[in-house]
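Okay, here's what each chain looks like letter by letter:
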Amino acid sequence: MSDSPFDLANESGYRAWRAAKLAAYPRSVDELVVPLADPRHLSADELAALESRCARANMAIYSAPHLPAADKSIPKLLGQQLGLTRLEGNYLADEDGLSSITPAGVTGSVRGDFIPYTHKPINWHTDGYYNALDRRILGMTLHCAQDAESGGENALLDHEIAYIQLRDVNPDYVAALMQPDAMTIPARMDESALSPREREQSLGPNQTIARPEQSGPVFAVDPDAGFLIMRYTARTRSIVWKSDAVTQAAVKTLADILASSEYILTTRLRPGMGLVCNNVLHTRSGFTDSPDHRRLLYRGRYYDRLRFDLAKAPVRPQ
Ligand SMILES: [Fe+2]
């Protein structure tokens with residue numbers, strides 16, 4: 001048995017960690033909000049304020065409404081100060097690696113085929129749930145450059161809370177979702193708009209693998225640092241759950257928790273606000289745009305977790 005609260009054999013350690021976690025967890029989204037004078041240059045007090053929110057909930061919401069919001073340097077430089085440097089550059093991202101999440105507006109474009117680039121709601125997930133385990137998305141940022149005319153809220157839930165609520169129902173469900181073959185994302189086949197690297201994987205003139213099949217656990221514990229990782233999507237299309245009864249019951253119970261958890265925090269990011277997090281569970285509600293309110297968020301996905309000791313440490317050359 002290890003000291004980890006995520007070890008199912010460590011009941012006493014888990015109980016102590018659980019009690020402290022639930023007692024500290026914010027019960028209002030307002031508790032997550034940290035006003036920042038300039039996110040690109042954090043003061044020591046601002047860094048400490050962000051750290052305390054992230055210690056409690058694996059996330060913080062910053063607010064800098066006085067700055068021009070449509071500026072990618074805000075989330076990028078904020079992230080760098082929080083240890084987020086290894087940015088995933090997926091092929092739909094803009095050149096600097098941050099994705100501009102906004103309705104594509106052009107039917108038939110590649111972006112328009114993906115729900116993030118529409119007005120549609122997005123169900124519970126963590127980002128990059130389909131990534132291979134050596135490309136885990138540990139950190140995620142969302143910066144609001146422009147909000148929608150109406151809608152576009154984000155519901156948020158610390159994945160450690162989801163873990164607690166599932167373990168409270170039945171520890172066997174947690175064990176089931178830690179199986180390396182609990183969740184399988186089938187390969188995605190694309191026919192166009194591929195990067196050169198993806199074209200190399202082409203199977204023929206029109207058939208290519210845009211992403212190979214990925215199997216993995218929902219919950220995993222980092223073997224070195226001991227933190228909890230969650231890969232999850234509530235989507236039912238393009239996902240295959242392990243078919244045994246315990247896994248099926250675990251998936252259903254987790255979906256029920258996400259539909260009703262009292263710990264869910266909901267926010268509507270306004271221009272100049274943003275989220276920094278350790279890839280917590282989140283949703284997006286559907287929204288409507290107007291010419292002056294065309295929703296635009298800059299999203300960063302990172303192979304790093306948030307850290308708060310960089311300002312104290314000597315700067316290392318890149
Ligand atoms: Fe997301």
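Going by the structure above, here's the rest.
Residues numbered from 1 in each chain as written. Predicted model: local features only at pLDDT ≥ 70, side-chain atom pairs only at ≥ 80, totals over all residues. Heavy atoms only, no water.

(A) Expanded view of the overall build of the protein. Each helix and strand in the protein was counted, giving seven helices and 19 strands. Burial status across the protein gives 50% buried among its 318 residues. Within the protein, counting contacts between residues at least 6 apart in sequence, those at least 24 apart form 80% of the total. Here the protein has roughly 14,900 Å² of accessible surface; of this, 53% comes from carbon and sulfur atoms. (Helix = DSSP H or I, 4+ residues; strand = E, 2+ residues; numbered from the N terminus. Buried < 20%, exposed > 50% of the residue type's maximum accessible area, 1.4 Å probe, protein only. Contact = heavy atoms within 4.5 Å. Areas by Shrake-Rupley, 256 points an atom, 1.4 Å probe, with all protein chains shown as cover.)

(B) Examining the sheet that holds strand 3 (residues 99-101) more closely. Ordered in space as 1-2-16-5-19-3, the six strands form an open sheet in which the pairing is mixed. Only two strands of the sheet have a single partner each, and these edge strands are strand 1 (33-35) and strand 3. On average, adjacent strands in this sheet sit at an angle of 25° to one another, irrespective of strand direction. Pairing geometry for strand 2 (residues 59-63) and strand 16 (residues 273-277), over five bridges, is antiparallel. (Pairing = 2+ DSSP bridges. Axes fitted to C-alpha atoms, helices over the stretch in contact; angles between N-to-C directions.)

(C) Molecular detail of the coordination of the iron ion. Looking at the metal site, the iron ion is ligated by H125 (NE2), D127 (OD) and H282 (NE2), spaced 2.1 to 2.2 Å from it. Donor residues for the iron ion, ordered by position in the chain, follow H-x1-D-x154-H. (Donors = N, O, S within 2.8 Å, 3.2 Å for Na, K, Ca; no water.)

(D) Expanded view of the side chain of R301. Looking at the secondary structure, you find R301 in strand 19 (residues 296-302). Using a relative accessible area of 9% as the deciding quantity, one classes R301 as buried. Polar side-chain contacts of R301 include one of 2.8 Å to the side chain of D127. (Polar contact = N/O pair within 3.5 Å; in protein donor to acceptor, adjacent residues only side chain to side chain.)

(E) Structural context of the sheet that holds strand 14 (residues 240-241). Within the open sheet, the three strands sit side by side as 11-8-14. Their pairing is antiparallel. If you trace the sheet from one side to the other, it starts and ends with strand 11 (214-216) and strand 14, each paired once.

(F) Expanded view of the pattern of salt bridges. With the rule as written, the count across this model stands at 18 salt bridges. The shortest N-O distance in the salt bridge between K252 and D256 comes to 3.0 Å. Of this pair, K252 and D256 both sit in helix 7 (residues 245-260), four residues apart, which is roughly one turn of that helix. Relative accessible area serves as the criterion here: at 54%, K252 is assigned to the exposed category. (Salt bridge = Lys/Arg side-chain N within 4 Å of Asp/Glu carboxyl O.)

(G) Fine view of helix 1 (residues 11-24). An ideal rise of 1.5 Å per residue puts 20 Å on 14 residues; helix 1 measures up with 20 Å between its terminal C-alpha atoms. Where helix 1 is concerned, the buried positions are Y14, W17, K21 and L22. Take helix 1 and look down its axis: the buried residues cluster within an arc of 125°, on one side only. In helix 1, the exposed residues that point more than 90 degrees away from the buried face are S12, A16 and A23. Where helix 1 is buried, its residues contact helix 2 (44-57) and helix 4 (159-169). Of the residues that open helix 1, the one with a side-chain oxygen 3.0 Å from the backbone nitrogen of G13 is N10. (Expected span 1.5 Å × (residues − 1). Arc of directions from axis to C-beta.)

(H) Inspection of the pairing of strand 5 (residues 139-146) at higher detail. By the criterion of burial, strand 5 is predominantly enclosed, with seven of the eight residues buried. Of the pairings in the sheet, the one linking strand 5 to strand 19 comprises seven bridges and is antiparallel in character. Bridged to L142 within strand 19 is R299. Two elements, strand 5 and strand 16, share four bridges in a ladder whose sense is antiparallel. Paired with H143 across the bridge in strand 16 is G274.

(I) Focus on the packing of aromatic side chains. Here the structure, examined in full by the defined rule, presents eight aromatic pairs. Between the aromatic rings of F6 and Y163, the centroid separation amounts to 5.2 Å while the plane-to-plane angle is 90°, which identifies the pairing as edge-to-face. Highlighted residues: F6 in the segment before helix 1 and Y163 in helix 4, separated in sequence by 157 residues. An identical accessibility class is assigned to F6 and Y163; each is buried. Relative to W17, the ring of Y14 lies with its centre 6.1 Å away and its plane at 40°, an arrangement referred to as tilted. Of this pair, Y14 and W17 both sit in helix 1, three residues apart, roughly one helical turn. Classification of Y14 as buried rests on a relative accessible area of 0%. The positively charged end of R211 is found above the aromatic ring belonging to Y130, 4.5 Å away from the centroid. Cation over ring: R295 sits above F287, and NZ or CZ is 5.1 Å from the ring centre. (Phe/Tyr/Trp six-rings, centres within 6.5 Å; stacked < 30°, edge-to-face > 60°. Lys NZ or Arg CZ within 6 Å of the ring centre and 35° of its normal.)

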